[in-house]
Amino acid sequence: LRTVENILGFALKIAMLISMIFAVGACFFAPQLMRLFTKDSILISYGSDYLQIVGISYLFMGISQIYQAVIKGIGDVKKSTLISSTSLLLNILFNALLIFGWFGLPKLGVVGLLLELYFPEESNASGVCWILSLEKSESAGPVSEQKIKF
């Protein structure tokens, strides 16, 4: 258990560092990053908007991917699969709600897609924390008992 805690702490530090670099780049240097891939001003404009909206989700992605890897690594694949499946279903639901304006919501089209990109990663990270807080797990016990070494 101590080894898992040490690995988890180390991996979270690295993941958060990398996630922060990508999030800052996406949020504050989106046009410059887009110019690395295209010279088309329309694509740069749309791509910059996309990166600025999705950039924050990189932080959630870093956390959830590390926790899910540890959960799978200790052989608790069912929890990881449940979290990923739930996140995918929420992704599909929010796509329909925000892009097509179902159930009385405004039809947002591409803007709805951009807004929806944030929700799956946030729900994935929240799902990991929620499931781990419900029961003691080898990867991390209840939140009040976690002793991750940074």
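Conventions adopted
- Residues numbered from 1 in each chain as written.
- Predicted model: local features only at pLDDT ≥ 70, side-chain atom pairs only at ≥ 80, totals over all residues.
- Heavy atoms only, no water.
- Helix = DSSP H or I, 4+ residues; strand = E, 2+ residues; numbered from the N terminus.
- Buried < 20%, exposed > 50% of the residue type's maximum accessible area, 1.4 Å probe, protein only.
- Contact = heavy atoms within 4.5 Å.
- Areas by Shrake-Rupley, 256 points an atom, 1.4 Å probe, with all protein chains shown as cover.
- Phe/Tyr/Trp six-rings, centres within 6.5 Å; stacked < 30°, edge-to-face > 60°.
- Core = buried A, V, L, I, M, F, W, Y, C linked by side-chain atoms within 4.5 Å.
- Patch = residues over 30% accessible without salt bridge, like charges linked within 9 Å, V, L, I, M, F, W, Y side chains within 5 Å.
- Salt bridge = Lys/Arg side-chain N within 4 Å of Asp/Glu carboxyl O.
- Axes fitted to C-alpha atoms, helices over the stretch in contact; angles between N-to-C directions.
- pLDDT = per-residue confidence, 0-100.

### Details of the overall build of the protein
In terms of regular secondary structure, the protein is built from 7 helices and 0 strands. In the protein, the order of α-helices and β-strands from amino to carboxyl end is α-α-α-α-α-α-α. Buried residues in the protein amount to 37% of all 150 residues. In the protein, of all internal contacts separated by at least 6 residues, the share reaching a separation of at least 24 is 63%. Within the structure as shown, the protein displays about 9,300 Å² of accessible surface, and the carbon and sulfur contribution to it stands at 71%.

### What about the packing of aromatic side chains?
Applying the stated rule across the entire model yields 2 aromatic pairs. Ring centres of Phe22 and Tyr58 lie 6.5 Å apart, and the angle between their planes is 85°; this geometry places the pair in the edge-to-face category. Of the two residues, Phe22 sits in helix α1 (residues 2–28) while Tyr58 sits in helix α4 (residues 57–73), which places them 36 residues apart along the sequence. We classify Phe22 as exposed; its relative accessible area is 53%.

### Some thoughts on the nonpolar core
By size, the foremost hydrophobic cluster in this structure holds 11 residues: Val4, Leu8, Ala11, Leu12, Ala15, Ile66, Tyr67, Val70, Ile71, Ile83 and Val128. Looking at this core, the elements that each hand over two or more residues are α1 and α4. Among the elements that make up this core, the one with the highest residue count is α1 (5 residues). Counting 5 residues, the second-largest nonpolar core is a separate cluster that includes Ala26, Ala30, Ile44 and Leu51.

### A closer look at unusual backbone geometry
The backbone of Phe103 shows a phi angle near 55°, a positive value even though the residue is not glycine. Among the secondary structure elements, Phe103 is positioned in the loop between α5 (77–100) and α6 (110–116).

### A look at a nonpolar patch on the surface
Together, Phe10, Ile14, Leu17, Ile18, Ile21 and Phe22 make up a nonpolar patch on the protein surface, roughly 620 Å² of accessible area in all. As for its position among the elements, Phe10 is in helix α1.

### Let's talk about the packing of α4 against α5
Running from N to C, α4 and α5 cross one another at 145°; their axes reach a closest spacing of 7 Å. Mapping the contact onto sequence places Gln68, Ile71 and Lys72 in α4 and Val77, Lys79, Ser80, Ile83 and Ser84 in α5.

### Re the confidence of the model for the protein
Taken residue by residue, the protein gives an average pLDDT of 78. The fraction at 70 or more is 75%. Mean pLDDT per element in the protein: helix α7 (residues 118–134) is the minimum at 67, and helix α2 (residues 30–35) is the maximum at 94. Here residues 137–150 is a poorly scored stretch, pLDDT under 50, and it has 40 contacts once near neighbours within four places are set aside; other chains count.

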